[in-house]
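Structural characterization, general
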Amino acid sequence: MRYLASHERAVRGTFDFPIELYYVDPTHPRYEMPFHWHMEHELILVLHGQLHLSVDGQPCDLGPGDCALIADGSIHGGTPEDCIYECVVFDLERFLPGASVCGQRLTRLRETGARLEGHFPAGTQAAELISALFEAMETEKAGYEFTTTGLLWQFLGEMLARHLYRPAEAESPRDIKRTQGIKNALRLIHTQYSEPLSLEDLSRQAGLSPKYFCRVFRQLTGRTPIDYLLYYRVECAAEMLCASQDSITDVAMACGFGDAGYFDRMFRRFKGKTPGEFRRAYGT
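Structure report, in brief. Within every chain, residues take consecutive numbers counted from 1 along the sequence as written. Selection of residues for local features in this predicted model requires a pLDDT of at least 70, selection of side-chain atom pairs for listing and counting requires 80 or more, and totals for whole chains, interfaces and linings are taken over all residues. Here the side-chain values reflect all heavy atoms present in the structure, with hydrogen atoms and water set aside.

**Here we look at the overall build of the chain**
Helix numbers and strand numbers start at the N terminus; a helix is a DSSP run of H or I with at least 4 residues, a strand a run of E with at least 2. Across its full length, the chain holds 11 helices and 7 strands. We take the radius of gyration over the C-alpha atoms and set the globule estimate at 2.2 Å times the residue count to the 0.38 power. Radius of gyration (C-alpha) of the chain: 20 Å, near the 19 Å computed for a compact globule of 284 residues. Overall, the chain is about 60 × 45 × 30 Å in size when its C-alpha atoms are taken along their principal axes. Within the chain, buried positions represent 49% of all 284 residues. Considering only contacts in the chain between residues 6 or more positions apart, those separated by 24 or more positions represent 74%. For the accessible areas, the method is Shrake-Rupley and the probe is 1.4 Å, while residue cover comes only from the protein chains on display. Of the roughly 13,700 Å² that the chain leaves accessible, carbon and sulfur atoms contribute 52%. Asp and Glu are treated as the negative residues and Lys and Arg as the positive ones, with His and the ends of the chain left uncounted. Charged side chains are reduced to one point each, which is NZ for Lys, CZ for Arg, CG for Asp and CD for Glu. Seen as two clouds, the 30 positive and the 38 negative side-chain charges of the chain have centres 7 Å apart. Partly exposed residues are those whose accessible area sits between 20% and 50% of the maximum for their type, while under 20% is buried and over 50% is exposed, using a 1.4 Å probe and protein chains only. Residue contacts are counted whenever heavy atoms from the two residues lie within 4.5 Å of one another.

Below you can see the structure in the form of structure tokens.
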């Protein structure tokens, strides 16, 4: 059973209202944010603590009230530190057709290669608009769909007015190939984490030499490929411990750990608890 995915394909919200809210605290099975990407934009609002994000290899630390917008297709992940945060994932392409003038303006901007992405500190106008959008979605008062949509367009208008988006960058064919290669390797890890995977397997999937692959992978994720594989297996095991009644040994085997003692050591290394302690603390 797959518990996590590197390239998320879930439909967000409904067809007419393609936006979804997620609340994440230490009890959430995806409290840690493994590196992934999706073809929707994502807004993040930190309510408490710190969230250490990495977006396409660029670090971004968020504190209480800070917000971030992550563009579609960006490889991103995060490590929370005593953190509670919320995410709103929305399909901008499905908002655009009914927006006429606004849609045309955004489409022209995106055609230049600019990316709607950025970090908005607490107290800024952009952060206040994002916070109000989250509140509208949390409370779901009558007509909240109108309020949410209006705040989203107002926020995007603020981005354009103040040039808060990421300008177009000259991306060489080699850069494009490199990024796609890392996505291919992440997809292999996230779909076959229970199988034996070597550095050679991952670099072959990426279409890069092992040495170059290791360097690029670490630049984007902050981990070596094999360390990330172990981390991801532990994340899948943690979610499985919370979501099932399977024995710890069966969980270890299902997540690619053939030795119970090694599984215990790796789980303690990444989670600070034994598998049994983690299940007692966060299991249902």
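We are not done yet, so read on.
**Some details on the environment of Y22**
Summarising the element assignment, Y22 is placed in strand β1 (residues 19–24). Under the relative-accessibility criterion, Y22 is labelled partly exposed at 30%. Taking the C-alpha atoms as reference, Y22 lies 18 Å from L151; in sequence the two are 129 residues apart.

**As for the nonpolar core**
The definition of a nonpolar core used throughout is a set of buried Ala, Val, Leu, Ile, Met, Phe, Trp, Tyr and Cys residues joined through side-chain atoms within 4.5 Å. Ranked by size, the top nonpolar core spans 39 residues in total, and within it I182, L186, F213, Y228, C255, F257 and F267 carry the most contacts. The set of elements that each furnish at least two residues to this core consists of α5 (173–192), α6 (199–206), α7 (210–221), α8 (225–243), α9 (248–254) and α10 (260–271). If you tally residues by element for this core, the top one is α8, at 12 residues. Formed by 31 residues, the second largest nonpolar core is a distinct cluster that contains L45, L69, F95 and L133.

**Remarks on the pattern of salt bridges**
Note on definitions: salt bridges are taken to be side-chain nitrogens of Lys or Arg within 4 Å of carboxyl oxygens of Asp or Glu. Applying the stated criterion across every chain, the model contains 10 salt bridges. The partner of D56 in a salt bridge is R166, with the nearest N and O atoms 4.0 Å apart. Here R166 lies in the loop between α4 (144–161) and α5 and D56 lies in the loop between β3 (41–55) and β4 (58–62), a separation of 110 residues in the sequence. On the basis of relative accessibility, which here comes to 23%, the residue D56 falls in the partly exposed class.

**A word on the side chain of R279**
Take R279: it is sitting in helix α11 (residues 275–282). Within the local environment of R279, its side chain forms a polar contact with the backbone oxygen of S244, the two atoms lying 3.1 Å apart. Discounting residues that sit within four places of it in the chain, R279 has contacts with M240, L241, S244, Q245, D246, S247, I248 and V251. Two N or O atoms form a polar contact when they lie within 3.5 Å of each other; inside protein one atom must be a possible hydrogen donor and the other a possible acceptor, and for residues adjacent in sequence the pair counts only when both atoms belong to side chains.

**Re the layout of surface pockets**
Site definitions follow a grid-based scheme: protein atoms alone, a 1 Å grid, a 1.4 Å probe that fits but cannot get out for cavities, and for pockets an open set with protein on both sides within 12 Å along at least five of seven lines, plus lining residues having an atom within 4 Å of a point. Grid points are joined across faces, edges and corners, and a volume is the space filled by probe spheres set on the points. In this structure, the largest pocket encloses a volume near 950 Å³. Taken together, 37 residues form the lining of the largest pocket, with D56, R115, R166, E169 and E171 sitting closest to its centre. Looking at the lining of the largest pocket, the elements that each hand over two or more residues are β3, β4, β5 (67–70), β7 (118–120), α5 and α7. Examining the composition of the lining of the largest pocket, we find that 6 residues originate from one element, α5, more than from any other.

**Regarding unusual backbone geometry**
Keep in mind that most residues, glycine aside, have a negative phi and that most peptide bonds are trans. Even without being a glycine, D56 presents a positive backbone phi close to 50°. You will see that E140, though not glycine, has its phi angle at about 50°, which is positive. Within the secondary structure, E140 is located in the loop between α3 (125–139) and α4.

**Notes on the packing of α8 against α10**
Across the interface, α8 lies against α10 with an axial gap of 10 Å and an inter-helix angle of 90°. Here α8 lies roughly perpendicular to α10, going by the angle between them. Contacts from D227, L230, Y231, V234, E235, A237, A238 and L241 of α8 reach α10 at Y262, F263, M266, F267, R269, F270 and K271. Residues of the contact of α8 with α10, tallied by class, amount to 11 nonpolar, no polar and 4 charged. Axis lines are fitted to C-alpha atoms, over the contacting stretch for helices. Their N-to-C directions set the angle, which ranges from 0 to 180 degrees. Should an angle fall under 35 degrees it is called roughly parallel, over 145 degrees roughly antiparallel, and 65 to 115 degrees roughly perpendicular, with every other angle called oblique. In this classification, Asp, Glu, Lys and Arg are treated as charged, Ala, Val, Leu, Ile, Met, Phe, Trp, Tyr, Cys and Pro as nonpolar, and every other residue, Gly included, as polar.

**Some points on the packing of α5 against α6**
Following both chains from N to C, one finds α5 and α6 inclined at 135°, their axes separated by 7 Å at the closest point. Judged by the inter-axis angle, α5 sits oblique to α6. Crossing geometry of α5 relative to α6 is assigned as right-handed. Contacts between α5 and α6 pair G181, N184, A185, L188 and I189 from the former with D201, L202, Q205 and A206 from the latter. Classifying every residue of the contact of α5 with α6 by side-chain character gives 5 nonpolar, 3 polar and 1 charged. Crossings are classed by handedness, with left-handed meaning an anticlockwise turn of the near helix from the far one by less than a right angle and right-handed meaning a clockwise turn.

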